[in-house]
Amino acid sequence: MRVTELAGALLRETLKEGDLALDGTAGRGRDTQLLAALVGPTGRVHAFDVQPEAVESTRALLAEAGLLDRCTLHLRCHSEVAAALPAENRGKVAAAVFNLGYLPGADHAVTTSPGTTLSALRATMDLLRPGGRLVCVCYTGHPGGSDEAEQVLALAMAAKSEGWEVSVMGREAGTDRPWIADFKRRLV
Ligand SMILES: C[S@@+](CC[C@H](N)C(=O)[O-])C[C@H]1O[C@@H](n2cnc3c(N)ncnc32)[C@H](O)[C@@H]1O
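Residues numbered from 1 in each chain as written. Predicted model: local features only at pLDDT ≥ 70, side-chain atom pairs only at ≥ 80, totals over all residues. Heavy atoms only, no water.

Undergrad: Which residues make up the site of the ligand, and what values do they have?
TA: Near the ligand lie 23 residues; those nearest to it are Thr25, Arg28, Asp31, Asp49 and Gln51. Here Thr25 contributes a backbone N or O atom positioned 2.8 Å from a nitrogen atom of the ligand. Asp31 places a side-chain nitrogen or oxygen 2.6 Å from a nitrogen atom of the ligand. Protein contacts shield 95% of the accessible area of the ligand, which totals 600 Å² for the unbound molecule. For the shell around the ligand, the per-class residue count stands at seven nonpolar, 11 polar and five charged. (Near = heavy atom within 4 Å. Polar contact = N/O pair within 3.5 Å; in protein donor to acceptor, adjacent residues only side chain to side chain. Areas by Shrake-Rupley, 256 points an atom, 1.4 Å probe, with all protein chains shown as cover. Nonpolar A, V, L, I, M, F, W, Y, C, P; charged D, E, K, R; others polar.)

Here it is in structure tokens:
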């Protein structure tokens, strides 16, 4: 199974009608589309990207699928996620996805970068409700990708020691295969 399919399966397992979901890297909108379909007409999705081309691609895909009205698109860095979400949404996010790397079909020099990625992941973890899930897909084949992925791995290990349920899936050290870090907030 490809990592994107696996990420989709993890999100399907978690999200239900009426939920609040977050896409940290909207890109061409495929993940946002999946989240929007899963939360249904009574749910809400917030999606972030720093590239206007990505936000417009996502908007077009959602409009075509009839899902735009349940989504809020932010042309904004994902590290600002806490400020961008309405205050009443804090602690209510059921699932979030970050698909790191560059926008397919665009300038490969514009990629996610460790500093903002790590602060965005931490901020998103703080927004999750008990039982909520953060799925992060890491790519190591482009410049800077391995360093970013290693920092996500370090975050995953730290989260585990803080009591999060963490699974690292598909990681093969020494290869450039993409892999997933899956963070679940305990129900308590
Ligand atoms: C691999 S693509 C995402 C693919 C997307 N989820 C999809 O389904 O098509 C990574 C995206 O992250 C975006 N990105 C890079 N840095 C970012 C940042 N600081 N905040 C938000 N998005 C960022 C890029 O512009 C790019 O569109």
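Undergrad: Tell me about the environment of Pro104, residues and numbers included.
TA: Positionally, Pro104 belongs in the loop between strand S4 (93-99) and helix H5 (114-127). Along the primary structure Pro104 and Leu121 are separated by 17 residues, whereas in three dimensions their C-alpha atoms are 22 Å apart. For Pro104, the contacting residues outside a window of four places in its chain are Arg28 and Arg30. (Helix = DSSP H or I, 4+ residues; strand = E, 2+ residues; numbered from the N terminus. Contact = heavy atoms within 4.5 Å.)

Undergrad: Explain the packing of helix H2 (residues 30-39) against helix H3 (residues 52-65) to me, and be specific about the residues and the numbers.
TA: Two numbers describe a pair of packed helices, the interaxial angle and the distance between the axes. One can describe the packing of H2 onto H3 by two numbers: an axis separation of 9 Å at closest approach and a directional angle of 35°. The crossing of H2 and H3 is right-handed. Within the contact between the two elements, H2 uses Arg30, Thr32, Gln33 and Ala36 and H3 uses Thr58, Leu61, Leu62 and Ala65. Split by residue class, the contact of H2 with H3 holds four nonpolar, three polar and one charged. (Axes fitted to C-alpha atoms, helices over the stretch in contact; angles between N-to-C directions. Left-handed = near helix turned anticlockwise from the far one by under 90°.)

Undergrad: Explain the packing of aromatic side chains to me, and be specific about the residues and the numbers.
TA: Counted by the stated rule, this structure contains zero aromatic pairs. Residue placement shows Arg171 over the ring face of Trp179; its charged tip is 5.9 Å from the ring centre. (Phe/Tyr/Trp six-rings, centres within 6.5 Å; stacked < 30°, edge-to-face > 60°. Lys NZ or Arg CZ within 6 Å of the ring centre and 35° of its normal.)

Undergrad: Account for the layout of surface pockets, with residues named and values stated.
TA: Approximately 840 Å³ is the volume attributed to the largest pocket. Residue assignment for the lining of the largest pocket shows that the elements contributing at least two residues are helix H1 (3-14), H2 and strand S2 (44-49). Sort the elements by how many residues they give to the lining of the largest pocket and H1 lands first, with five residues. Its residues assigned to classes, the lining of the largest pocket shows 14 nonpolar, 16 polar and eight charged. (1 Å grid on protein atoms, 1.4 Å probe; cavity = no way out; pocket = protein on both sides within 12 Å on 5 of 7 lines; lining within 4 Å. Points joined across faces, edges and corners; volume = space filled by probe spheres on them.)

Undergrad: Break down the sheet that holds strand S5 (residues 128-138) for me, citing the residues and quoting the values.
TA: Strand order in the open sheet formed by seven strands is S3-S2-S1-S4-S5-S7-S6, and the pairing between neighbours is mixed. The open sheet has two edge strands, strand S3 (71-75) and strand S6 (165-169), and neither has a second partner. Each strand axis lies, on average, 10° off the axis of its neighbour in the sheet, ignoring direction. In terms of strand pairing, S5 meets strand S7 (residues 179-184) through six bridges, oriented antiparallel. Bridge pairing in S7 links Leu134 to Phe183. Taken strand by strand, H3 contacts S2 and S3, and its axis lies near 165° from that of S3. (Pairing = 2+ DSSP bridges.)

Undergrad: An account of the nonpolar core is needed here, citing residue identities and associated values.
TA: Counting residues in each nonpolar core, the largest one holds 31 residues, and the members touching the most others are Leu22, Phe98, Leu134, Cys136, Val152 and Phe183. At the level of elements, strand S1 (20-23), helix H4 (81-84), S4, H5, S5, helix H6 (145-161) and S7 are the ones that each hand at least two residues to this core. When sequence neighbours within four positions are dropped, the list of residues in contact with Phe98 reads Leu22, Gly24, Thr25, His78, Ala120, Leu121, Thr124, Leu134, Val135, Cys136 and Val137. Membership of the second largest hydrophobic core comes to 25 residues, among which are Leu67, Leu73, Ala95 and Val97. (Core = buried A, V, L, I, M, F, W, Y, C linked by side-chain atoms within 4.5 Å. Buried < 20%, exposed > 50% of the residue type's maximum accessible area, 1.4 Å probe, protein only.)

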